[in-house]
Amino acid sequence: MMTKRIDKVRNYAYKMMNGDQTGHGFDHVQRVVNNSQKILQNETANVELVLTAAYLHDVFDDKLTDEVAGRKADVRRQLIAFGGVYDYPMYDPNETQVSHTKTEYRKPRATINHYEERMNEVIKRFNTDTGKEFAQYRFAVAEFIQQFKAEWENKEL
């Protein structure tokens, strides 16, 4: 079952990868998604996270595009827009990063704080070669968060 968010991710991946002729086009992306769904039948994982990684795994690959920075910027805008849709503050420098219970995790929080906590937690879990491949997207998000915080606090990276 596809959620609206996964459908948006799928559409973005299609837009970015459909014309690729290197063997990494959307048909390849769809095979990765299909394999991920097969793995999910036997493994416990966050389905939305796995499918997002599967759809986006080649979108930022510098072997496939000269537009890595632009593509990262697109995703950054989408992250910020997510919080805006739900009227969450963009960032709260006083909010400390902690592990939350599922109920606490679902409560409204500052967008950047939420993503920073989530990315740090997710990145720790990549132990396999496949997982490390998926991490490429997460590292781009984590890099953005560090840049954002440095700018917010008027500090150099």
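Cut-offs used in this document
- Residues numbered from 1 in each chain as written.
- Predicted model: local features only at pLDDT ≥ 70, side-chain atom pairs only at ≥ 80, totals over all residues.
- Heavy atoms only, no water.
- Helix = DSSP H or I, 4+ residues; strand = E, 2+ residues; numbered from the N terminus.
- Buried < 20%, exposed > 50% of the residue type's maximum accessible area, 1.4 Å probe, protein only.
- Contact = heavy atoms within 4.5 Å.
- Areas by Shrake-Rupley, 256 points an atom, 1.4 Å probe, with all protein chains shown as cover.
- Axes fitted to C-alpha atoms, helices over the stretch in contact; angles between N-to-C directions.
- Nonpolar A, V, L, I, M, F, W, Y, C, P; charged D, E, K, R; others polar.
- Phe/Tyr/Trp six-rings, centres within 6.5 Å; stacked < 30°, edge-to-face > 60°.
- Salt bridge = Lys/Arg side-chain N within 4 Å of Asp/Glu carboxyl O.
- Core = buried A, V, L, I, M, F, W, Y, C linked by side-chain atoms within 4.5 Å.
- Expected span 1.5 Å × (residues − 1).
- Arc of directions from axis to C-beta.
- pLDDT = per-residue confidence, 0-100.

Asker: Looking at this structure, I do not really get the overall build of the protein chain. What am I missing?
Answerer: Helix and strand content of the protein chain: seven helices and zero strands. In sequence order, the secondary structure elements of the protein chain are arranged as α-α-α-α-α-α-α. Of all 157 residues assigned to the protein chain, the portion counted as buried reaches 40%. Expressed as a percentage of contacts within the protein chain between residues at least 6 apart in sequence, the contacts between residues at least 24 apart total 53%. Accessible surface computed for the protein chain: about 10,200 Å², of which carbon and sulfur atoms make up 49%.

Asker: Help me understand the packing of helix H1 (residues 4-17) against helix H2 (residues 26-40) in this model?
Answerer: For any two helices packed against each other, one specifies the crossing angle of their axes together with the interaxial distance. Running from N to C, H1 and H2 cross one another at 145°; their axes reach a closest spacing of 9 Å. Where H1 abuts H2, its residues Arg10, Ala13, Tyr14 and Met17 lie against Phe26, Val29 and Gln30. By residue class, the composition of the contact of H1 with H2 is five nonpolar, one polar and one charged.

Asker: It is not clear to me how the packing of aromatic side chains should be interpreted in this structure. Could you clarify?
Answerer: What the rule picks out here adds up to three aromatic pairs. The interplanar angle of 10° and the centroid separation of 6.3 Å between the aromatic rings of phenylalanine 26 and tyrosine 55 together place this pair among those described as stacked. Pair noted here: phenylalanine 26 is in helix H2 and tyrosine 55 is in helix H3 (residues 47-56), with a separation of 29 residues, a long-range link. One exposure class covers both phenylalanine 26 and tyrosine 55, and it is buried.

Asker: What's the story with the pattern of salt bridges in this structure? I'm lost.
Answerer: Considering all chains together, one arrives at two salt bridges under this definition. Among the ionic pairs, arginine 5 bridges to glutamate 48, the shortest N-O distance being 3.3 Å. With arginine 5 in helix H1 and glutamate 48 in helix H3, the pair connects residues that are 43 residues apart, well separated along the chain. Since its relative accessible area comes to 46%, arginine 5 is described here as partly exposed.

Asker: Is there a simple way to think about the nonpolar core in this case?
Answerer: Within soluble globular proteins, side chains that are nonpolar tend to cluster in buried spots. Ranked by internal contacts, the top residues of the largest apolar core, which has 20 residues, are Tyr12, Met17, Val29, Val33, Tyr55, Leu56 and Val59. Among the elements that take part in this core, H1 stands out by supplying six residues, more than any other. With eight residues, the next largest nonpolar core counts Tyr91, Ile112, Tyr115 and Phe144 among its residues.

Asker: Would you mind showing me how to read H1 here?
Answerer: Spacing of three or four residues puts side chains on the same side of an α-helix, whose turn is 3.6 residues. In this model H1 runs 20 Å from its N-terminal to its C-terminal C-alpha over 14 residues, within 8% of the 20 Å that 1.5 Å per residue would give. Listed in full, the buried residues belonging to H1 are Ile6, Val9, Tyr12, Ala13, Met16 and Met17. Each buried residue of H1 lies within a common arc of 120° when the element is viewed along its axis, so the set occupies one face. Pointing more than 90 degrees away from the buried face of H1 are the exposed residues Lys4, Lys8 and Lys15.

Asker: Help me understand the confidence of the model for the protein chain in this model?
Answerer: Low pLDDT means the predicted atomic positions in that stretch should not be read closely. Per-residue confidence for the protein chain gives a mean pLDDT of 78, with 82% of residues at or over 70. Taken element by element, the protein chain is modelled with least confidence in helix H5 (residues 102-106), mean pLDDT 70, and with most confidence in H2, mean pLDDT 90.

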